[in-house]
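# Secondary and tertiary structure notes
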6 protein chains.
Amino acid sequence: MFHHVKDLQFNARVSRPDPRFANLLLEQFGGENGELAAAMQYFTQAFGAKVPYPDKYDMLMDIATEEFSHLEIVGATIQMLLKGVNGELKDAADNSEIMQVMDGKAAKESIIHQALSANPQFGIITGGGVTPRNSQGIPWCASYINSNGDLTVDLRSNLASESRAKLVYEHLMKFTDDPYIHETLSFLMTREVAHYKMFEAALNDIQPNFPPGVLAADPRFTQQAFNLSDGATVRGPWNEGEMPDMGKDWNYIADPVAYVKETQGLTKTDKALEKELKETEKLDKEMSKVKSAEVKDAEPEGVAQWSTY
Amino acid sequence: MFHHVKDLQFNARVSRPDPRFANLLLEQFGGENGELAAAMQYFTQAFGAKVPYPDKYDMLMDIATEEFSHLEIVGATIQMLLKGVNGELKDAADNSEIMQVMDGKAAKESIIHQALSANPQFGIITGGGVTPRNSQGIPWCASYINSNGDLTVDLRSNLASESRAKLVYEHLMKFTDDPYIHETLSFLMTREVAHYKMFEAALNDIQPNFPPGVLAADPRFTQQAFNLSDGATVRGPWNEGEMPDMGKDWNYIADPVAYVKETQGLTKTDKALEKELKETEKLDKEMSKVKSAEVKDAEPEGVAQWSTY
Amino acid sequence: MFHHVKDLQFNARVSRPDPRFANLLLEQFGGENGELAAAMQYFTQAFGAKVPYPDKYDMLMDIATEEFSHLEIVGATIQMLLKGVNGELKDAADNSEIMQVMDGKAAKESIIHQALSANPQFGIITGGGVTPRNSQGIPWCASYINSNGDLTVDLRSNLASESRAKLVYEHLMKFTDDPYIHETLSFLMTREVAHYKMFEAALNDIQPNFPPGVLAADPRFTQQAFNLSDGATVRGPWNEGEMPDMGKDWNYIADPVAYVKETQGLTKTDKALEKELKETEKLDKEMSKVKSAEVKDAEPEGVAQWSTY
Amino acid sequence: MFHHVKDLQFNARVSRPDPRFANLLLEQFGGENGELAAAMQYFTQAFGAKVPYPDKYDMLMDIATEEFSHLEIVGATIQMLLKGVNGELKDAADNSEIMQVMDGKAAKESIIHQALSANPQFGIITGGGVTPRNSQGIPWCASYINSNGDLTVDLRSNLASESRAKLVYEHLMKFTDDPYIHETLSFLMTREVAHYKMFEAALNDIQPNFPPGVLAADPRFTQQAFNLSDGATVRGPWNEGEMPDMGKDWNYIADPVAYVKETQGLTKTDKALEKELKETEKLDKEMSKVKSAEVKDAEPEGVAQWSTY
Amino acid sequence: MFHHVKDLQFNARVSRPDPRFANLLLEQFGGENGELAAAMQYFTQAFGAKVPYPDKYDMLMDIATEEFSHLEIVGATIQMLLKGVNGELKDAADNSEIMQVMDGKAAKESIIHQALSANPQFGIITGGGVTPRNSQGIPWCASYINSNGDLTVDLRSNLASESRAKLVYEHLMKFTDDPYIHETLSFLMTREVAHYKMFEAALNDIQPNFPPGVLAADPRFTQQAFNLSDGATVRGPWNEGEMPDMGKDWNYIADPVAYVKETQGLTKTDKALEKELKETEKLDKEMSKVKSAEVKDAEPEGVAQWSTY
Amino acid sequence: MFHHVKDLQFNARVSRPDPRFANLLLEQFGGENGELAAAMQYFTQAFGAKVPYPDKYDMLMDIATEEFSHLEIVGATIQMLLKGVNGELKDAADNSEIMQVMDGKAAKESIIHQALSANPQFGIITGGGVTPRNSQGIPWCASYINSNGDLTVDLRSNLASESRAKLVYEHLMKFTDDPYIHETLSFLMTREVAHYKMFEAALNDIQPNFPPGVLAADPRFTQQAFNLSDGATVRGPWNEGEMPDMGKDWNYIADPVAYVKETQGLTKTDKALEKELKETEKLDKEMSKVKSAEVKDAEPEGVAQWSTY
């Protein structure tokens, strides 16, 4: 179960209202790389991990809970940046000030006009409040998150998610000079780095963790680097020399169309690889036994109960 | 900030795996009337309420937190209903059992085959895990939630949300005879009723609360009930006699097309109503002052800070 | 079947083009709380109501038809607000005026430039026309509507929908000073209030109507108000004293974590409640009979026919 | 404004419940090629057409209204196909029959079990009712419709829409042998053909109508047919001989990569075409004047009013 | 398989950065009528066409490949229009220039400020890069494309798609005066016209191709034109005189409500039409044989293989 | 520009039709981790990389092109698995066989009945063809892809994408025993591993590449691991001992609520860290210069041109 503490994890403050930055910050509330996406991704992954890997479950739930706490920090900051909007809307019978602005006759912009320019829905739909949508009004969507029932995959998804979230905070910092917000964003950005390192440590803790999943790569198709993009040829460590940590070299296919025809759609392969394939299939069976036993053995017989009161 | 307690709010148990019911239950994890929708709706509404109505903020955050705790109960139940699926998938090199089932030669259905029939993504994408999607695979979407910056509106949205959530649990109970799950669903269904009553009490606590928002109804257009659906005429308390709590009677427009033409598109109205309109406009100005002051006066000057450590 | 009358239900007029307000008004054409959402919600609910509750069917169809008529009013107003845009686009070979504006050299803004600023799709996609999208370009989506096969639920969904629609019109009125548009918006806003009252009367007409659906609340879990949000404790009618219309008092759980552990996840409950539970189960069976008979008895045997010519 | 007549445009009847076919038929209620899509497409297009082309406006509104009437026929048929489901759900306290089915012990399938198999949401969310979603539960979405402010384009969009809708009805007829439903589907399918012919006649009534829009094709790039798909060469009237109604021949580019390089990305073109380009530009200016005048001249000065009471 | 050539099909150039036009141009990268939609529509249709209609398969694949090449041209142009944005974002520690702009103190607008105004995600999410979203940030969605397994339908969908794409390019040309971009847009617009003609020629090559699909129109319901829109009566070739290419006349139903009642929901039809219906049913059977044989006979027995190396 | 070669990159074959597996395989055609997602992700990332990092551009375009080629392989396989469906649908006038199946009277299931069970849209919408939707009918959506203008982020997104795609192929292999399909899936799965290694090599080639983006982590918030999940305490390399490759130790916060209050929302931090913060800020400025110069210096002055013919 969850418990809420009214104080924020970080002391978020705001110097002055700024509806435009509030709108940008929505990316981290309801956007594809934001805190809700992170929280829901780790929370969802945690369910499957609980029985077989209680230690990783604990870590996922810890970080999910921290991300929910960050979601609250972001929401609180947006709300403070929108100060004045709701009160102005409640003055429903009077629109003289807005109209002066719209006619270009006002001395200064009203806060509600700023809000409307930044995001029409601040004025019409959310009433000057927070909403789980991004900076262009797209509602948050669960297709932003990944949870695939395999920690060697899920943790890699998380490394990528943390990388993107970190970069978005970095970008956001360029668009405000409020020192209080800078501090909050610096905190949030840095925590993504810390989580990255936590997920990396957890992934290292699982051995072997490559390739992700259970099955090994098919040796007949592992080493080719296809040159499918005509023009100046570019070589680099991704298509020449040794493959990283694989004990194999890249096999650069300079003319893939000809190669495909020659090999009848890659079905005519080197005899040596056929032999290696056999070994791979043996390894696959062993790994299947190990990995499925790991899960099955942890599952209790009979009635299942989640908690231990 | 949030805090997580590993024990569930309710002692969710499951007698035996049932991937088909797991799929139905996804409606309350990632569906339009489910726990994530409830949690995010109240959580989002709470931000705007905090400064002007700290008591309602507390209530919204309490209930939001309980809904997150229910989300966890639903997720845990789904995960227990999927026991065996992930382990079976990890046995990646062997598909003989599934194929016997698919060929109609198996003595009994394997759990993974049941999972796949219920929801292809249980077998291919989530690896036998929970996902914030509904029973037909639609990812949860923030357009399910409503937060409009006015508690007389938001609380009514919540009464409707709780009503729908209650009904969905009622429907779900018809599709399982596992007594443990029945108990869990009975708990969850009943909490929706309890929340309904909490929101009702809070709405009553705000006076006046009708019409929702600030502006009064325009007296020229309030009383008409248009008979726009030809055929047998049906009369009832919604188009004859007194309007509920309005001190006015319904004005039944039997032939709307003629009426619209006569009144030149409703612009030629009763003189008596014009006078009432004036009074309404006066009332609107007063209410605007009251309601906007309520919000504005609560907002602090200068640097805004959310927490008080 | 439907019939269309070319005159609008209300005499919508517009003083001058205003693409920016046209964009805001899209919220009520293709937005989540707009007229299409209302029309489709009541229209969809009506199908299930027709056989068992022909009087409520008539009301739902009347209001749905009025909402389609309002959709037309909103669309017509948007189109009039966009006057000039389509003609300007048709002058396809000449973009000198726009470019003067874009370079800051124009004496005044062209209407097409205003349109593009308000909504890029007015200039590129809709050709200066109406579109069932909201003010930020999100296409209207049927997940905005609720229809759940139970009138005690559906009518509550409708009370909430009308409340939101009313508020959105109130907000919109702040952003225009065109007196004709004000009048149209005042009409539309007020009709939401009238519909609210129609739905309220219909809900009152169904007894009992609480809890929504068929099953009663489980007495073991009805009364608790969980204090899940740490910090200053706030008490109010939603967590102390009597529950509204329930003949029961709130049971305030000050420390939910401890309470959950003590009651082993709420499974150890007061004996008195067990007895009450038995009575509830009896009541549930009776209500099930009543409610299912109400529907089943109304359904004709044999070939079904919708109309009676 | 709209008016509703309780009798359906076609006398829809159903021999017996069939939740599975009900689910398929949802494609034409809430699917991408269904009646709501058609109705909303023509209704939306009509707004822009009203002032400059009142005759086409009338036709669009007539057909839109017929499509709304067809939407009602489809909804009514689905509802009749689901007879029994709602009543069964209302028998909320009893799930013995369903469970016998689920355990494989029932003599026959209950209607609610059939409903759930066809579409989980029939049992859990819609309560045995209609919903504007497709056969796989995707909510209807306004991105299904096209309205682009140019009748030579919009009418072509409509020809395509009618073609798809016709085909879907043809497909649906294969999946039911209920003669009443066949008759209804035959009516609906045929009306799509009739509408196709109405739109075709309207498009012919506009001259010139090709290319769609205002601007002529650029003569430098009109005639090439690029052979971009290697393998057996296929020639046909789409890449050899005369272009339909263009007075020009196809220019088959057998080796596009070489051709692009030779012409420096198609910027080195035939001198003759440069001259033709000049004439095209002149034509573009003339057409721009004609087409924009057509729209602008029809728009009234001053206050705009939609209706004429 | 695909092959990529680094040179663009057309020599796209850009005179100077213009983030605002970059945003508009996104419509043709990730919008509903853009190049990705076209490419994916024809590519998807091609699979079903390959075995029975290898010549049409070749054409669809050729055009799909050209559309992918156009997608690249559009993307390259957007990227060039955003020159400077990414470099500015990388200067992450310095936001002084942006803040001068935001405070109104800057001598000129920075490119990143322009980018943010045009599209917040250029600054926060895409890092000054291309994205398959439209001008309002809606992600590209496969519901934009149509592929229905019948070439007489698919080719008509394609005629409509090409018409819309052509019009969008025409609109876009109004919003830039960069001569290089004009040339690129003129090329892209014209190719839509060329593809239109290719699809038209292919449709003509299939005989009969009307009505789309297999089944003929039901003669009982083909000729009626329902006058469902009250007010001034408008007659035109779509509701009077001869139906185009049908050898039949329109049957104008001036009062549809009365007509429906008289004919008992159109079930009482002219005897002559009943006879014609019989002939139609005979024709349907013949066409079913022809059309299904056309597909079935082309499908090889036994193991299926796509390629012929 | 792209070029299409009719032979597939891999010789995809299918032993017999299997609409059910065809539906599962849609995950890799139009699903979130499928080939279209991969192709579009790398293709989109490539635009921004071209000018500053032409070598990485080449790699991204090579792999994108290979993924388009894989998309074709998957589509071809699905089409072959659906053999017979389209031909059966074309036999539009005859539904006797399907009805025998639906009534349980058929000797064997017809292929079209299998198709409909697997995916209703195979029978009604796609006409037995391929569609860019997933196994539950959700249309492919560009929110599946990530492109953020920073290669240290983008390449990590790609490592995660390849991991998920690999796992989905592994899962799919469990659900077919067709040896030809196994071989195709083994090829496709293995290529994901090969691409993973290519992206890993490219990421290693960029130094420094951590943290992703430009700015360093804020030393005040880097080391804390918050124990936010109550219950049994779990320690592991993610919250005790050394952080991977950081030269720092984890700082385990056992009681985060107390810690947050003590530090006044983490604003009272260790003096030593303040000093380290200064150094970090200096580093940030240096890195900003380096990284922005890297991009800016590569961008040509004046007219931009993408190709070099």
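Small disclaimer: the values here were computed from a predicted structure and weren't measured.

## Focus: the interface of chain C and chain B
Often, the extent of an interface is quoted as the loss of accessible area on bringing the components together. Contact residues are listed per partner, giving 83 residues for chain C and 83 residues for chain B. Where chain C abuts chain B, roughly 7,100 Å² becomes buried across the two surfaces, and 63% of that area is made up of carbon and sulfur atoms. Looking only at chain C, the three residues that lose the most surface to chain B are C:Lys197, C:Phe221 and C:Trp238, adding up to 10% of its buried area. Taken together, the links from chain C to chain B amount to 2 salt bridges. The partner of B:Arg220 in a salt bridge is C:Glu183, and the shortest N-O contact between them spans 3.5 Å. Taken together, chain C and chain B are joined by 30 residue pairs in polar contact (both at pLDDT 80 or more). Those elements giving two or more residues to the side of chain C that touches chain B turn out to be α3 (54-81), α8 (151-173), α9 (179-205), β3 (224-226) and α10 (256-262) of chain C. Counting residues per element, the side of chain C that touches chain B draws most heavily on α9(C), which supplies 15 residues. When grouped by side-chain class, the residues that make up the side of chain C that touches chain B number 41 nonpolar, 20 polar and 22 charged.

## Description of the interface of chain B and chain A
Contact residues are listed per partner, giving 81 residues for chain B and 81 residues for chain A. Regarding the contact of chain B and chain A, the summed buried area is about 7,300 Å², with carbon and sulfur atoms giving 62% of it. A per-residue breakdown of the area chain B buries against chain A is headed by B:Met1, B:Lys90 and B:Trp306, which together make up 11% of the total. There are 6 salt bridges connecting chain B and chain A. Put simply, chain B and chain A have 45 residue pairs in polar contact (both at pLDDT 80 or more) between them.

## Remarks on the side chain of C:Ser157
Assignment of secondary structure puts C:Ser157 in helix α8. Contact partners of C:Ser157, with chain neighbours within four places excluded, come to B:Ala160, B:Arg164, C:Gln41 and C:Asn146.

## A closer look at the packing of helix α8 (residues 151-173) of chain B against helix α9 (residues 179-205) of chain B
Residues and elements named next belong to chain B. Close contact between α8 and α9 brings their axes to 9 Å; oriented N to C, the two are set at 165°. When the axis of α8 is compared with that of α9, the two are roughly antiparallel. By crossing handedness, the relation of α8 to α9 is classed as left-handed. Classifying every residue of the contact of α8 with α9 gives 14 nonpolar, 6 polar and 6 charged.

## Considerations on the relation of the copies chain C and chain B
The operation relating chain C to chain B is a screw motion whose rotation component is 180°, with 0.0 Å of axial translation and a residual RMSD of 0.0 Å. Expressed as a symmetry operation, the mapping of one chain copy onto the other fits a two-fold axis. Most of the interface of chain C is mirrored in chain B, where 100% of its interface residues again form contacts.

## Brief notes about the sheet that holds strand β1 (residues 2-5) of chain F
In space, the 4 strands of this open sheet follow the order β4(A)-β1(E)-β1(F)-β4(D), with mixed pairing throughout. The open sheet has two edge strands with one neighbour each: β4 (229-230) of chain A together with β4 (229-230) of chain D. In this sheet, strand β1 (residues 2-5) of chain E lies alongside β4(A) in parallel orientation, the contact comprising 2 bridges. By the bridge assignment, A:Asp230 is partnered in β1(E) with E:Val5. The sheet strands contacting helix α3 (residues 54-81) of chain E are β4 of chain D, β1 of chain E together with β1 of chain F, and the helix crosses β1(F) at an angle near 155°.

## Section: the packing of aromatic side chains
Per the stated rule, a full pass over the model turns up 95 aromatic pairs over all chains. Centre to centre, the rings of D:Phe43 and D:Phe47 are 5.0 Å apart; their planes meet at 75°, and the pair counts as edge-to-face. Of this pair, D:Phe43 and D:Phe47 both sit in helix α2 (residues 35-49), separated by 4 residues, roughly a single helical turn. Seen from their ring centres, D:Phe187 and E:Phe221 are 5.1 Å apart, and the 90° between their planes marks the pair as edge-to-face. Of the two residues, D:Phe187 sits in helix α9 (residues 179-204) while E:Phe221 sits in the loop between α9 (179-204) and β3 (224-226), which places them in two different chains.

## Comments concerning the arrangement of the chains
Chain A shows no contact with chain D. Their nearest C-alpha atoms sit 10 Å apart. Nowhere do chain B and chain E come into contact; their C-alpha atoms are at least 10 Å apart.

## Quick word on empty space enclosed by the protein
The volume enclosed by the largest cavity comes to roughly 730 Å³. Lining the largest cavity are 30 residues; nearest its centre among them are A:Cys141, C:Cys141, D:Cys141, E:Cys141 and F:Cys141. Residues belonging to the lining of the largest cavity are distributed by class as follows: 24 nonpolar, 6 polar and no charged. Taken as a whole, the second largest cavity holds about 200 Å³ of empty space. Lining the second largest cavity are 18 residues, with A:Asn146, F:Glu32, F:Tyr144, F:Asn146 and F:Arg164 positioned closest to its centre. When contributions to the lining of the second largest cavity are tallied by element, the ones reaching two or more residues are α2 (35-49) and α8 (151-173) of chain F.

## Some details on the environment of D:His113
In this structure, D:His113 sits in helix α6 (residues 111-118). Put simply, D:His113 and D:Met99 are 14 residues apart on the chain and 9.3 Å apart in space, counted from C-alpha to C-alpha. A polar contact of 3.2 Å, which involves the side chain of D:His113, links it to the side chain of B:Arg20.

## Digging into the sheet that holds strand β4 (residues 229-230) of chain F
Strand order in the open sheet formed by 4 strands is β4(C)-β1(A)-β1(B)-β4(F), with mixed pairing between adjacent strands. If you trace the sheet from one side to the other, it starts and ends with β4 (229-230) of chain C together with β4 of chain F, each paired once. Against the sheet, helix α3 (residues 54-81) of chain A makes contact with β1 (2-5) of chain A, β1 (2-5) of chain B together with β4 of chain F, and its axis sits at roughly 155° relative to β1(B), the strand it touches most. Helix-sheet contacts for helix α3 (residues 54-81) of chain B involve β1 of chain A, β1 of chain B together with β4 of chain C, and the interaxial angle to β1(A) is about 155°.

## Side note on the packing of helix α2 (residues 35-49) of chain A against helix α8 (residues 151-173) of chain A
Residue and element names in this part refer to chain A. Interaxial distance between α2 and α8 falls to 11 Å at its minimum, and their mutual angle equals 165°. Regarding the angle of α2 to α8, the classification is roughly antiparallel. Here the hand of the crossing between α2 and α8 comes out left-handed. Here Glu35, Gln41, Tyr42 and Gln45 of α2 lie close against α8, whose contacting residues are Asp154, Ser157, Asn158, Ser161, Glu162 and Tyr169. Its residues placed into classes, the contact of α2 with α8 shows 2 nonpolar, 5 polar and 3 charged.

## Some points on the nonpolar core
Among the nonpolar cores identified, the biggest contains 570 residues, and A:Trp140, B:Trp140, C:Trp140, D:Trp140, E:Trp140 and F:Trp140 are the most heavily contacted of them. Non-local contacts of D:Trp140, meaning those with residues more than four positions away in its chain, are made with C:Trp140, C:Cys141, C:Ala142, D:Gly30, D:Gly31, D:Leu36, D:Ala37, D:Met40, D:Pro132, D:Arg133 and D:Ile145.

## Structural notes on α2(A)
Helix length check: α2(A), at 15 residues, gives a terminal C-alpha distance of 21 Å against a target of 21 Å (1.5 Å per residue), a fit within 8%. Among the 15 residues in α2(A), 14 count as buried, and that is most of the element.

## A word on unusual backbone geometry
Cis rather than trans, the peptide bond between D:Gln207 and D:Pro208 has omega equal to -5°. With respect to the element layout, D:Pro208 can be found in the loop between α9 and β3 (224-226). In this model, F:Phe210 is joined to F:Pro211 through a cis peptide bond whose omega is -10°. Turning to its location among the elements, F:Pro211 is positioned in the loop between α9 (179-205) and β3 (224-226). A positive phi angle is found at D:Gln264, which is not glycine, with a value near 45°. Relative to the helices and strands, D:Gln264 is located in the loop between α10 (256-262) and α11 (271-296). In this structure, D:Leu266 takes a positive phi of about 65° despite not being glycine. Here D:Leu266 lies in the loop between α10 and α11. Classification of D:Leu266 as buried rests on a relative accessible area of 2%.

The rules behind each value
Residues numbered from 1 in each chain as written. Chains lettered and ligands numbered in written order. Predicted model: local features only at pLDDT ≥ 70, side-chain atom pairs only at ≥ 80, totals over all residues. Heavy atoms only, no water. Contact = heavy atoms within 4.5 Å. Buried area = accessible area lost by both parts, 1.4 Å probe. Salt bridge = Lys/Arg side-chain N within 4 Å of Asp/Glu carboxyl O. Polar contact = N/O pair within 3.5 Å; in protein donor to acceptor, adjacent residues only side chain to side chain. Helix = DSSP H or I, 4+ residues; strand = E, 2+ residues; numbered from the N terminus. Nonpolar A, V, L, I, M, F, W, Y, C, P; charged D, E, K, R; others polar. Axes fitted to C-alpha atoms, helices over the stretch in contact; angles between N-to-C directions. Parallel < 35°, antiparallel > 145°, perpendicular 65-115°, else oblique. Left-handed = near helix turned anticlockwise from the far one by under 90°. Least-squares fit on C-alpha atoms with pLDDT ≥ 70 in both. Pairing = 2+ DSSP bridges. Phe/Tyr/Trp six-rings, centres within 6.5 Å; stacked < 30°, edge-to-face > 60°. 1 Å grid on protein atoms, 1.4 Å probe; cavity = no way out; pocket = protein on both sides within 12 Å on 5 of 7 lines; lining within 4 Å. Points joined across faces, edges and corners; volume = space filled by probe spheres on them. Core = buried A, V, L, I, M, F, W, Y, C linked by side-chain atoms within 4.5 Å. Buried < 20%, exposed > 50% of the residue type's maximum accessible area, 1.4 Å probe, protein only. Expected span 1.5 Å × (residues − 1).

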